[in-house]
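If you want the building blocks of each chain, they are given just below.
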Amino acid sequence: MWSGRRNELGMTFYEWRTQLRIYHALVLLADGHDTTRTAYACGWANPSSFIAAFTNVIGTTPGRYRTSRQTTARA
């Protein structure tokens, strides 16, 4: 089913699913949830694999992202 979708979506199913999970994580982190709770809520087996995926896609760690969002919200 997904083998031919790379041309249509520009990414594999795995890449698409990871991006969707990261988007959900961005929402939770912006709401103030911690990294561990966010990792499990978004379907990662452990926080370290979540942190690695998040950092790879977003370019910063989940903790730094959450802190920057909280700082921006206060300003």
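Before going into details, it helps to say that this report is about the structure given with it.

Calculation rules
Note that residues are indexed from 1 along each chain, following the sequence as it is written. Only residues with pLDDT of 70 or above have their local features reported here, since the model is predicted, and side-chain atom pairs are shown and tallied only from 80 upward, although totals for entire chains, interfaces and linings are computed over all residues. Think of the side-chain values as coming from all heavy atoms in the structure, minus any hydrogens and water. Strands here are runs of E lasting at least two residues and helices are runs of H or I lasting at least four, both read from the DSSP assignment and numbered beginning at the N terminus. Note on exposure labels: buried denotes an accessible area under 20% of the residue type's maximum, exposed denotes more than 50%, and partly exposed covers the range between, all computed with a 1.4 Å probe on protein chains only. Two residues qualify as a contact provided that any one of their heavy atoms is within 4.5 Å of a heavy atom in the partner residue. Think of a nonpolar core as a cluster: buried Ala, Val, Leu, Ile, Met, Phe, Trp, Tyr and Cys residues, connected wherever their side-chain atoms sit within 4.5 Å. Between rings of Phe, Tyr and Trp, where Trp is taken as its six-membered ring, a pair exists when centres lie within 6.5 Å; planes separated by under 30 degrees are stacked, by over 60 edge-to-face, and by other angles tilted. Throughout this description, the term charge over a ring refers to an Arg CZ or Lys NZ atom that lies within 6 Å of the ring centre and within 35 degrees of the ring normal.

Attention now moves to the overall build of the chain. The helix and strand tally for the chain stands at 5 helices and 0 strands. Seen in sequence order, the chain has helices and strands lined up from the N terminus as α-α-α-α-α. Residues classed as buried in the chain amount to 27% of the 75 residues present. Look at the contacts in the chain between residues 6 or more apart in sequence, and 38% of them connect residues 24 or more apart.

Before going further, it helps to examine the nonpolar core. Generally speaking, nonpolar side chains in soluble globular proteins are found buried as a group. Among the nonpolar cores identified, the biggest contains 12 residues, and these are Ile22, Ala25, Leu26, Leu28, Leu29, Ala39, Cys42, Trp44, Phe50, Ala53, Phe54 and Tyr65. Those elements that place two or more of their residues in this core are α2 (13–30) and α4 (47–58). Counting residues per element, this core draws most heavily on α2, at 5 residues. Setting aside residues up to four positions removed in sequence, Tyr65 forms contacts with Leu26, Leu29, Ala30, Phe54 and Thr60.

Taken as a whole, this structure holds 4 aromatic pairs when the rule is applied. Ring-pair connections join several aromatic residues into one group, and the members of that group are Trp44, Phe50, Phe54 and Tyr65. When the ring centre of Trp44 is taken as reference, the NZ or CZ atom of Arg21 above it lies at 3.9 Å.

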